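# Structure assessment
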Amino acid sequence: IRLVLYFILTNGVKRMAETIENQQTEFSVTIPVNDLKALNLFSAKKDVRYFLNGLHIDGRYITATNGHVLMRIKHYWPAEQSFVLDSGVIVSNPILMTSRKLPNAILKFSNDCTLLKENWVQSVELIHGDNQYSQKLEIIDGQYPDIERVIPKVGDLETSNAVMQGQYLELIGKTAKLLDTKTKTVGCRIVGNKNEAQLVKINGREDVEIVVMPMNS
């Protein structure tokens, strides 16, 4: 009996492992190209903190930061797709085409072995230009900062009285234009307590949060 039971167990595990090894799972989501361009403005470039040199994607947000300014966009992907990104994945900054006729890009997430990997996502591909342009994004292995600790809580904020670097205000202006190309003048609201992180909201984009660190005054 023991010999038969051992044979059943070992062969069952072997067949299950073979099934898992041969399994390929993937899903794709659509995202506006200008949203990705705006995020690219906030990510670090050749920073020694290598995990900042890209975009962080999890089950709720796409985030970019260089340690001084931060931007995150809330996405509304289907729950059956979003849950696999709960642990988050960092990918290299995408190289984006400029085309008014093709305003959206596709991010394709895939994994060759769903149950045997610590992180579900093992491959991320950017598809743009009516499937004519494809770019495989590098998976960056690292621990992304805890963004929730950085985002100011709106209920506790006052009208901004902080001193900020002019280059970051210019960055906010560029971002606002990317996020709303139909409006000539895009309004922004800055709130935050003095000498603390400042929260920037873009009119018409409730899904976007920008954080700017103040100068020491």
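Scope of this entry: the structure provided in the associated data block.

Basis of the calculations
Residues numbered from 1 in each chain as written. Predicted model: local features only at pLDDT ≥ 70, side-chain atom pairs only at ≥ 80, totals over all residues. Heavy atoms only, no water. Salt bridge = Lys/Arg side-chain N within 4 Å of Asp/Glu carboxyl O. Helix = DSSP H or I, 4+ residues; strand = E, 2+ residues; numbered from the N terminus. Buried < 20%, exposed > 50% of the residue type's maximum accessible area, 1.4 Å probe, protein only. Pairing = 2+ DSSP bridges. Expected span 1.5 Å × (residues − 1). Arc of directions from axis to C-beta. Contact = heavy atoms within 4.5 Å.

## Topic: the pattern of salt bridges
Here the structure, examined in full by the defined rule, presents six salt bridges. A salt bridge links Asp 35 to Arg 205; the nearest nitrogen and oxygen atoms lie 3.0 Å apart. In this pair, Asp 35 is assigned in helix α2 (residues 33-42) and Arg 205 in strand β12 (residues 205-212), connecting sequence segments 170 residues apart. On the basis of relative accessibility, which here comes to 6%, the residue Asp 35 falls in the buried class. In this structure, Asp 207 and Arg 205 form a salt bridge, with 2.9 Å as the shortest nitrogen-oxygen distance.

## A short note on unusual backbone geometry
A positive phi angle, close to 55°, is found at Lys 46, a residue other than glycine. Within the secondary structure layout, Lys 46 lies in the loop between α2 and β2 (54-57).

## Topic: the sheet that holds strand β9 (residues 139-140)
Spatial strand order, β9-β5-β2-β3-β4-β12-β11-β10: eight strands in an open sheet with antiparallel pairing. Strands with a single pairing partner mark the edges of an open sheet, and in this sheet they are β9 and β10 (188-191). In the sheet, strand β4 (residues 69-74) pairs with β12 via five bridges, with the strands oriented antiparallel. Bridging across to β12, Arg 72 finds its partner in Glu 209.

## A look at helix α4 (residues 166-179)
Taking 1.5 Å of rise per residue, 14 residues should cover 20 Å, and α4 covers 20 Å from first to last C-alpha, within 8% of that figure. For α4, the complete set of buried residues consists of Tyr 168, Leu 171, Ile 172, Thr 175, Ala 176 and Leu 179. Down the axis of α4, the sector holding all buried residues measures 140°, keeping them to one side. On the buried face of α4, the contacting elements are α2, β4, β10, β11 (198-202) and β12.

## Thoughts on the pairing of β10
Where β10 and β11 come together, four bridges link them in antiparallel fashion. Following the sheet pairing, Arg 189 is matched in β11 by Lys 201. Remark: six residues form the turn of the hairpin made by β10 and β11, two consecutive strands paired antiparallel; Asn 195 in that turn has positive phi of roughly 65°.

## Observations regarding the pairing of strand β6 (residues 104-111)
Bridge count between strand β1 (residues 25-32) and β6: eight bridges; the pairing is antiparallel. Within β6, the position partnered with Thr 30 by the bridge is Ile 106. With five bridges joining them, β6 and strand β7 (residues 123-128) adopt antiparallel strand pairing. Each residue of the ladder has a partner; that of Lys 108, found in β7, is Glu 125.

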